[in-house]
Amino acid sequence: FPVTIPDEYGMYFRLPVGSCSTYQVSGLRLGCLIAADFDVILYDTNGTTVLASVTADSSIQNQTTHGAYNYLFTGTTLPTLTAGSYYRLVVRPSTGTGMGPVQYFTFRTDADKSAILGNAADVQYTSRTNAGAWTQDTNRLFAMQAIIVSLDHGAEFQDRNTPD
């Protein structure tokens, strides 16, 4: 990490145009060992408007096992996202205490990352410090996944699959 450690970090992502027209994200699957409470936040395309959030309670999670955990946006209507547009799904400590280590991968090149993801630009590491400007790193990828619960292919896709 740089000298100034980001307090918000996660994924800057999009579903590619042609994969669907709209979709919904219900939360985050995160590889971590949690030391303190933290927030999971889904930001709109502008990087400032919160579309959904949830606070993860560290007292509920097993504190001795580094594993993958699901954090779901509950008690809210899930926002509808548009394919081709970038969104941010990030974690941020809820208190002054750091949340603990989060696993990530660093790729040597975009080609290495594309070999796994299909297109390196579709998912990027994003971070910021003290609500400042966001930065992206195309070669770093956190061990986190958006939990996608709804894909709408729209009329364009339905027309292609309708027999003549």
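A short tour of the structure in this document, coming up. (Residues numbered from 1 in each chain as written. Predicted model: local features only at pLDDT ≥ 70, side-chain atom pairs only at ≥ 80, totals over all residues. Heavy atoms only, no water.)

## With respect to the packing of aromatic side chains
Step number 1: All told, the structure shown has 7 aromatic pairs when counted by the stated rule.
Step number 2: Consider the rings of F38 and Y71, whose centres lie 5.1 Å apart with planes at 75°: the pair is edge-to-face. Taken together, the residues F38 in strand β3 (residues 38-43) and Y71 in strand β5 (residues 67-72) connect sequence positions 33 residues apart. Each of the two residues, F38 as well as Y71, counts as buried.
Step number 3: Summarising the aromatic geometry, the rings of Y125 and F142 are spaced 5.1 Å apart at their centres and angled 35° between planes, so their arrangement reads as tilted. Placement of Y125 in strand β9 (residues 123-128) and of F142 in strand β11 (residues 140-142) is noted, with a sequence separation of 17 residues between them.
Step number 4: Since its relative accessible area comes to 5%, Y125 is described here as buried.
Step number 5: Positioned above the aromatic ring of Y104 is the side chain of R140, whose terminal nitrogen or guanidinium carbon lies 4.2 Å from the ring centre.
Step number 6: The ring of Y125 carries the charged tip of R140 above its face, separated from the ring centre by 5.1 Å. (Phe/Tyr/Trp six-rings, centres within 6.5 Å; stacked < 30°, edge-to-face > 60°. Helix = DSSP H or I, 4+ residues; strand = E, 2+ residues; numbered from the N terminus. Buried < 20%, exposed > 50% of the residue type's maximum accessible area, 1.4 Å probe, protein only. Lys NZ or Arg CZ within 6 Å of the ring centre and 35° of its normal.)

## Some thoughts on the nonpolar core
Step number 1: In terms of nonpolar packing, the biggest core is built from 34 residues, with F13, Y71 and L89 touching the most fellow members.
Step number 2: Element by element, the count of residues in this core is highest for strand β2 (residues 22-32), at 5 residues. (Core = buried A, V, L, I, M, F, W, Y, C linked by side-chain atoms within 4.5 Å.)

## Description of the layout of surface pockets
Step number 1: Space inside the largest pocket adds up to approximately 280 Å³.
Step number 2: Lining of the largest pocket is provided by 15 residues; of these, M11, L117, V123, M144 and Q145 occupy positions nearest its centre.
Step number 3: Of the residues forming the lining of the largest pocket, the biggest block, 4 residues, is contributed by strand β12 (residues 144-152). (1 Å grid on protein atoms, 1.4 Å probe; cavity = no way out; pocket = protein on both sides within 12 Å on 5 of 7 lines; lining within 4 Å. Points joined across faces, edges and corners; volume = space filled by probe spheres on them.)

## As for the sheet that holds β9
Step number 1: Spatially, 6 strands are ordered β4-β3-β7-β1-β9-β10 in an open sheet, and the strand pairing comes out antiparallel. One side of each edge strand has no neighbouring strand; the edge strands of this open sheet are β4 (50-56) and β10 (135-137). Between one strand and the next, the sheet's axes are offset by a mean angle of 25°, whatever the strand orientation.
Step number 2: In the sheet, β3 pairs with β4 via 6 bridges, with the strands oriented antiparallel. Its bridge partner being in β4, I41 is matched across the sheet by S53. (Pairing = 2+ DSSP bridges. Axes fitted to C-alpha atoms, helices over the stretch in contact; angles between N-to-C directions.)

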